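# Inside the fold
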Amino acid sequence: MEAPRSREQQARDYLKTHRIMELLDHLTSVLLFVRPGNPREYLISVLECMKIAKETNVPFPYFMDNSNITAMFEMLDNSGKGTISFLQYKEALKTLGLCDADEVLSDDGHIINLPKFKKEVNKRTQEIWSSF
Amino acid sequence: MDATTAPHLIPPEMPQYGEEKHVFELMQTMLEQLLIYQPEDPISFLIKHLQRDNDNVPKIVILGPPASGKTTIAMWLCKHLNSNLLTRDNLTERKSSSVATEARKHYQKFKGWILDGIPETREQALVIQTLGIAPRHVIVLNAPDTVLIERNLGKRIDPQTREIYHTTFDWPPEPEVQDRLIEPEGISEQETAQKLLVYHRNIIKLLPSYPRVLKTINADQPCVDVFYQALTFVQSGHRSNAPFTPRVLLLGPMGSGKSLQAGLLAQKYGLVNVCCGQLLKETVADKSKVGELIWSFLEKKVTVPDSVILKMLTERLDQQDCVQRGWVLHGFPRDVDQAQRLDGLGYVPNRVFFLNVPLDSIMERLTLRRIDPVTGERYHLMYKPPPTMEIQARLSQHPRDAEERVKFKVDLYYRNSTELEHFYRWAIAINGDQDPYTVFEYIESGIINPLPRKVL
């Protein structure tokens, strides 16, 4: 039947345009990390912060700030040579929820070092947050 | 293995918090609401939704043939759950609203809704669903046609309060009400039979619309029974898809079958079977620090103090396999003190079962245990008798299975059990006096179904 299928398609498009899954992922991670006594009130405060940040164009309260990204990079790079392999880079982005499992990232042959990793993580996070 | 390929070590506080606060269900309802209403500004919508806090309001649909008692049950449930009742009559009275807007309005006022007799056909059900109204519980009342036709003949309505009475089953006590009662139209045998035909035609197509939330209740019993069955159903939650690592505690007197059930659970669900007695022996054999400490007590035939046992248990429960796969604990705690200390250390079980077995069955189970000293095979004189007379002649009994010792241990358990039951208020009591697989099925359903929620 045409009508229900297009409603399902409508729902999927809605999820994609508003990045609902990333929003819910972020809320769940924040909740599990902070473990507040009253989860509903805490979620309300987080959402209000996001709303205000969006309206006043203040930088968002990012979950992974710069020191966390550096720490993560250092964990991945266990030989300390300052670069990580392409596979590790892709896995890391997947773990952070910043890329889908089947998104094809181009391996342009250049090594991935810390500034490049930081830039990519920040760029993707910014992309997600701007659509909230 | 580097940090991306190694399995992630999640601190156990996170899944415990998630389970306790029902984070998964919270996120699931948020996603459902977003998909149904698809607001342009999801953040404000979510803020309003969270402030409303009405995830647990009743959302019930009651269906059934005419004269099955739908309206009576619906009104009683309404009063009990403090919710709103919507029937076809009181909806058609309001001129400008439809089912959907009414139900939505009531949902938003945090009282929930109970639909009586709606939807009647599959088309109506589909329309309601596309508008985003999905009941959490659907009750279908069932009774044989002849009973219904007879019952309908005795139906009487009080025109002032719109309450339904019955000449035989539910006669009002006050004489003023009795005088007021009128016969409603459409209760003759032919009319009821016709309505039943229509009902049967429609209900067959309607039942598959609500696969997981449906329950049929036999309406051919006293009203109060039907009501209580409906109430227990409505107060129980459904199996949710939330990730769940079972941390099971089995409590019961000696001989109630704890080790057997723990073994079955460990085998079927991959949980780690932590038997306190067994663990003690293993730790001593390991000759670790704790093991040496325990051995020093056992040598002198003194009971091992609680702190040492707790230290040994915490070591075991902290290991990665217990955290990831879940555990089944039995043989500990034996009294409230131990239970409180276990709780204090953060090892809170999420399902607790009390296996109740009467003393006679315990005596039967334990005092008839025998062991064959030659082959080492264990027998039971009633449940697993030895095959030949020769073997039976040489069987011997373990001293701990002697009658006095068993009685002593069972007494010890019962002295502490009332306090333990009070401590684990939400524990599930199971009759352990049945065959092992029946008991296992009861335990399984206790683990898989969510704990019953008290009505708000």
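About the criteria used
Residues numbered from 1 in each chain as written. Chains lettered and ligands numbered in written order. Predicted model: local features only at pLDDT ≥ 70, side-chain atom pairs only at ≥ 80, totals over all residues. Heavy atoms only, no water. Helix = DSSP H or I, 4+ residues; strand = E, 2+ residues; numbered from the N terminus. Buried < 20%, exposed > 50% of the residue type's maximum accessible area, 1.4 Å probe, protein only. Contact = heavy atoms within 4.5 Å. Rg over C-alpha atoms; globule rule 2.2 N^0.38 Å. Lys, Arg positive; Asp, Glu negative; His and termini not counted. Charge placed at Lys NZ, Arg CZ, Asp CG, Glu CD. Pairing = 2+ DSSP bridges. Axes fitted to C-alpha atoms, helices over the stretch in contact; angles between N-to-C directions. Salt bridge = Lys/Arg side-chain N within 4 Å of Asp/Glu carboxyl O. Parallel < 35°, antiparallel > 145°, perpendicular 65-115°, else oblique. Nonpolar A, V, L, I, M, F, W, Y, C, P; charged D, E, K, R; others polar. Buried area = accessible area lost by both parts, 1.4 Å probe. Polar contact = N/O pair within 3.5 Å; in protein donor to acceptor, adjacent residues only side chain to side chain. Disulfide = S-S within 2.5 Å.

### A short note on the overall build of chain A
Scanning chain A from N- to C-terminus turns up 6 helices and 2 strands. Along chain A, from the amino end to the carboxyl end, the secondary structure elements read α-α-α-α-β-α-β-α. Counting all 132 residues of chain A, 34% fall into the buried class. Once local pairs closer than 6 in sequence are excluded, the contacts in chain A between residues at least 24 apart make up 58%.

### Focus on the overall build of chain B
Each helix and strand counted, chain B has 21 helices and 14 strands in total. A compact globule built from 456 residues would reach a C-alpha radius of gyration of about 23 Å, whereas chain B, at 29 Å, exceeds it by more than 25%. Nonlocal contacts in chain B, meaning residues at least 24 apart in sequence, comprise 72% of its contacts between residues at least 6 apart. Averaged over its 54 positive side-chain charges, chain B has a centre that lies 3 Å from the centre of its 56 negative ones.

### Examining the sheet that holds strand 14 (residues 428-431) of chain B
Strand-to-strand pairing in sheets goes through backbone hydrogen bonds, with the strands running parallel or antiparallel. Residues and elements named next belong to chain B. As summarised here, the arrangement of the 5 strands in space is 9-10-8-11-14, forming an open sheet in which the pairing is parallel. Two strands bound the open sheet, and with one partner strand each, they are strand 9 (272-275) and strand 14. On average, each strand axis in the sheet is inclined to that of its neighbour by 20 degrees, with strand direction left out of account. One ladder, built from 4 bridges, connects strand 8 (residues 247-251) with strand 10 (residues 327-330); its direction is parallel.

### So, the pattern of salt bridges
The full count for this structure, using the stated rule, is 10 salt bridges over all chains. Three or more residues joined by partner-sharing salt bridges are found here, namely B:Arg369, B:Arg400 and B:Asp401.

### Looking at the packing of helix 13 (residues 276-286) of chain B against helix 15 (residues 306-318) of chain B
Residue and element names in this part refer to chain B. With their axes 11 Å apart at the nearest point, helix 13 and helix 15 run at an angle of 90 degrees to one another. By the criterion of interaxial angle, the relationship of helix 13 to helix 15 is roughly perpendicular. On helix 15, the residues touching Cys276, Leu279, Leu280 and Thr283 of helix 13 are Ile309, Met312, Leu313 and Arg316. Of the residues that constitute the contact of helix 13 with helix 15, the class distribution is 6 nonpolar, 1 polar and 1 charged.

### Re the interface of chain A and chain B
By a widespread convention, an interface's size corresponds to the accessible area lost as its parts come together. Taken together, the contacts link 35 residues of chain A with 33 residues of chain B. Area buried by chain A at its contact with chain B is led by A:Tyr14, A:Arg35 and A:Arg40, which between them contribute 23% of it. Taken together, the connections running from chain A to chain B amount to 0 salt bridges. The interface formed by chain A and chain B includes 3 residue pairs in polar contact (both at pLDDT 80 or more). Within the residue set of the side of chain A that touches chain B, elements represented by two or more residues are helix 1 (2-18), helix 2 (20-34), helix 3 (39-56), helix 4 (66-76) and helix 5 (86-95) of chain A. Split by residue class, the side of chain A that touches chain B holds 21 nonpolar, 7 polar and 7 charged.

### What about the pairing of strand 4 (residues 137-142) of chain B?
For a regular strand, side chains alternate in direction, first toward one face of the sheet and then toward the other. Residue and element names in this part refer to chain B. Of all the 6 residues making up strand 4, 5 are buried; the element is thus mostly covered by neighbouring parts of the structure. With 4 bridges connecting them, strand 1 (residues 59-63) and strand 4 associate as parallel partners. By the bridge assignment for strand 4, Ile60 is matched with His137. Bridge count between strand 4 and strand 7 (residues 214-218): 5 bridges; the pairing is parallel. When the bridges of strand 7 are listed, Asn142 appears paired with Asn218.

### Remarks on the environment of B:Pro119
Residues and elements named next belong to chain B. When you line up the elements, Pro119 lands in the loop between strand 3 (113-116) and helix 7 (122-130). Judged by its relative accessible area of 2%, Pro119 is buried. As for Pro119 and Ile430, which are separated by 311 residues in sequence, their C-alpha atoms are 39 Å apart. Beyond its immediate chain neighbours, meaning those up to four positions away, Pro119 contacts Val61, Leu63, Gln124, Ala125, Ile128, Leu206 and Tyr210.

### Points about the side chain of B:Thr192
In this fold, B:Thr192 is placed in helix 10 (residues 189-206). Setting aside anything within four residues of it in sequence, one finds B:Thr192 in contact with B:Leu148, B:Ile149, B:Asn152, B:Gly186 and B:Ile187.

### Concerning the state of the cysteines
Working definition: the covalent bond between the sulfur atoms of two cysteines is a disulfide. Residue and element names in this part refer to chain B. As enumerated under the stated definition, the model contains 0 disulfides over all chains in all. Of the cysteine sulfurs around Cys275, a residue in no disulfide, the closest is that of Cys276, at 7.1 Å. On the basis of relative accessibility, which here comes to 21%, the residue Cys275 falls in the partly exposed class.

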